[in-house]
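The chain contents come next:
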Amino acid sequence: MKNFINISDLSRDELRSIIDKAKKRKSERGKKPHSQPDEDQPLNGKTMIMIFEKTSTRTRISFDLAVKQLGGSSIILNQDEFHYGKGDETIKDTAKVLSQYADILMIRTDLHKNVDEFKKYLEIPIINGLTDKGHPCQVMSDILTFEELKGEIKGKTIAWIGDGNNVANSFIEAATSFEFKLNIACPKKYQPDKKIINFAKKNKCKLLITDNPLKAVEGADCIMTDKWISMSDKGNKNTKKKALRKFQVNKKLMSYAKPDSIFMHCLPASRDEEVTSDIMDGKQSVVWLQAFNRIHAQKSIIEWCFK
Ligand code: CP
Ligand code: NVA
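Given the structure is predicted, the values throughout are model-derived calculations rather than measurements. (Residues numbered from 1 in each chain as written. Chains lettered and ligands numbered in written order. Predicted model: local features only at pLDDT ≥ 70, side-chain atom pairs only at ≥ 80, totals over all residues. Heavy atoms only, no water.)

Q: Please clarify how the sheet that holds strand 2 (residues 73-78) should be interpreted in this entry.
A: Neighbouring strands of a sheet are bound in pairs by backbone hydrogen bonds; such pairs are parallel or else antiparallel. If you walk across this open sheet you meet the 4 strands as 2-1-3-4, and the pairing is parallel. A single partner strand is all that each edge strand has here, and the edge strands are strand 2 and strand 4 (126-128). Here the strands of the sheet are splayed against their neighbours by 20° on average, with no regard to which way each runs. Bridge count for strand 3 (residues 104-108) against strand 4 is 3 bridges, and the pairing is parallel. (Pairing = 2+ DSSP bridges. Helix = DSSP H or I, 4+ residues; strand = E, 2+ residues; numbered from the N terminus. Axes fitted to C-alpha atoms, helices over the stretch in contact; angles between N-to-C directions.)

Following this line, the structure appears as structure tokens:
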């Protein structure tokens, strides 16, 4: 039984095996209807509980489909519908009860420490479906998408433009393990987590952090961004948006990247803030494939948890 909480918790071999298995399952499945299980149904008889403290479209549906395609079933719990987060039952007690009802748990929560607290008392695997510190499932899926379109990510250059947020943190961990170059352009005040940056530096990650977006996209194979205001952001939104204005991904910025570069966004997007609509809908954009591949990457993550 294994937990999938941070990319940096897994070895390089484990991460590679998750991506390769996802590619294999996706290609073997072909064009089967969305809810039809794969032949081998490795999750037959098993249940995943999903806890959502925050809103979600992609994570919710792609995990549900992932479980169905593996032959299992899922139950979704929204924060206001069960005894959690309102102080009427501790995480410890909830974890002990849920361990008896299901075989695996996925949680989206504001506080990364809630995942660690759940982990302490759960007797089943736990998957991080986004916290304030990371979004590892998204990043694994983005690596799958990148490799499907551009070949092995090792040695390639990814430019992250905008807020140094939870997704950026997971990308730093991924750059360290998958050995790609990561150029992050963000305002000094909104840099990624210092501990994660230090971890990457100690582990020889090819990481550039700059406040110059043009420098970050130079020679990049992929340009990425995310919302300027994340779900857990508590600070002044206008101040933050003002600081991020020069970090918009638009035609001019894209022209400094490789001509065959791709554009990625985990979605949801605020069009005409972090990215202009012409780029979102343009030829270089692969955002819809990214969303689709969440199913395939997560199937592989779930299978790995049971190994
Ligand atoms: N990218 C992502 O996690 O989307 P949702 O917030 O819709 O789940
Ligand atoms: N950084 C965003 C990602 C959403 C999928 C957020 O945390 O809201």
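There is more to say after this.
Q: What is the right way to look at helix 1 (residues 12-29) in this model?
A: Because each turn of an α-helix spans 3.6 residues, side chains separated by three or four positions end up pointing in the same direction. Look at helix 1: 26 Å from first C-alpha to last across 18 residues, which is about the 26 Å you get at 1.5 Å a residue. The set of residues buried in helix 1 consists of Leu15, Ile18, Ile19, Ala22, Arg25, Lys26 and Arg29. Projected down its long axis, helix 1 carries its buried residues within an arc of 130°, all on one side. Away from its buried face by more than 90 degrees, helix 1 exposes Asp13, Ser27 and Glu28. The positive-phi residue at the C-terminal boundary of helix 1 is glycine 30, with phi of around 60°. (Expected span 1.5 Å × (residues − 1). Buried < 20%, exposed > 50% of the residue type's maximum accessible area, 1.4 Å probe, protein only. Arc of directions from axis to C-beta.)

Q: Can you walk me through the site of ligand 2 in this structure?
A: In the region of ligand 2, the neighbouring residues are Leu130, His135, Asn165, Asn166, Asp226, Ser230, Met231 and Leu267. One nitrogen or oxygen atom from the side chain of asparagine 166 is found 2.8 Å from an oxygen atom belonging to ligand 2. Methionine 231 is positioned such that a nitrogen or oxygen atom in its backbone is 2.8 Å from an oxygen atom of ligand 2. Computed on the free molecule, ligand 2 has an accessible area of 270 Å², of which 96% lies beneath the protein chains in the complex. Here ligand 2 occupies the second largest pocket. Partitioning the shell around ligand 2 into residue classes produces 3 nonpolar, 4 polar and 1 charged. (Near = heavy atom within 4 Å. Polar contact = N/O pair within 3.5 Å; in protein donor to acceptor, adjacent residues only side chain to side chain. Areas by Shrake-Rupley, 256 points an atom, 1.4 Å probe, with all protein chains shown as cover. 1 Å grid on protein atoms, 1.4 Å probe; cavity = no way out; pocket = protein on both sides within 12 Å on 5 of 7 lines; lining within 4 Å. Sits in = over half its atoms within 2 Å of the grid points. Nonpolar A, V, L, I, M, F, W, Y, C, P; charged D, E, K, R; others polar.)

Q: Sorry if this is basic, but what is going on with the sheet that holds strand 5 (residues 157-161) here?
A: Strands sit in the order 7-6-5-8-9 across an open sheet of 5 strands; the sheet is parallel. Pairing within the sheet leaves two strands with one partner each, and these edge strands are strand 7 (207-210) and strand 9 (262-265). Direction aside, neighbouring strands of the sheet carry axes that sit 20° apart on average. Both strand 5 and strand 6 (residues 181-185) contribute to a ladder of 5 bridges, which runs parallel. For isoleucine 161, the partnering residue across the bridge sits in strand 6 and is alanine 185. Contacts from helix 6 (residues 166-178) reach strand 5, strand 6, strand 7 and strand 8 (222-225) within the one sheet, and its direction differs from that of strand 6 by about 155°. (Contact = heavy atoms within 4.5 Å.)

Q: Explanation requested: the environment of glycine 155 in the structure shown.
A: Looking at the element boundaries, glycine 155 is found in the loop between helix 5 (136-150) and strand 5. Sequence-wise, glycine 155 and lysine 181 are 26 residues apart; in three dimensions their C-alpha atoms are separated by 6.4 Å. Ignoring any residue separated from it by four or fewer positions in sequence, one finds glycine 155 in contact with Glu179 and Phe180.

Q: How should the layout of surface pockets be read in this particular structure?
A: Empty space among the atoms becomes visible once a probe the size of a water molecule is rolled across them. The calculated volume of the largest pocket comes to roughly 340 Å³. In terms of lining residues, the largest pocket is bounded by 19 residues, among which Asp132, Gly164, Asn165, Ser232 and Asp233 are the most central. Partitioning the lining of the largest pocket into residue classes produces 3 nonpolar, 7 polar and 9 charged. Roughly 290 Å³ of internal volume is contained in the second largest pocket. Elements that contribute at least two residues to the lining of the second largest pocket include exactly helix 2 (58-69) and helix 6. Classifying every residue of the lining of the second largest pocket gives 6 nonpolar, 9 polar and 6 charged. (Points joined across faces, edges and corners; volume = space filled by probe spheres on them.)

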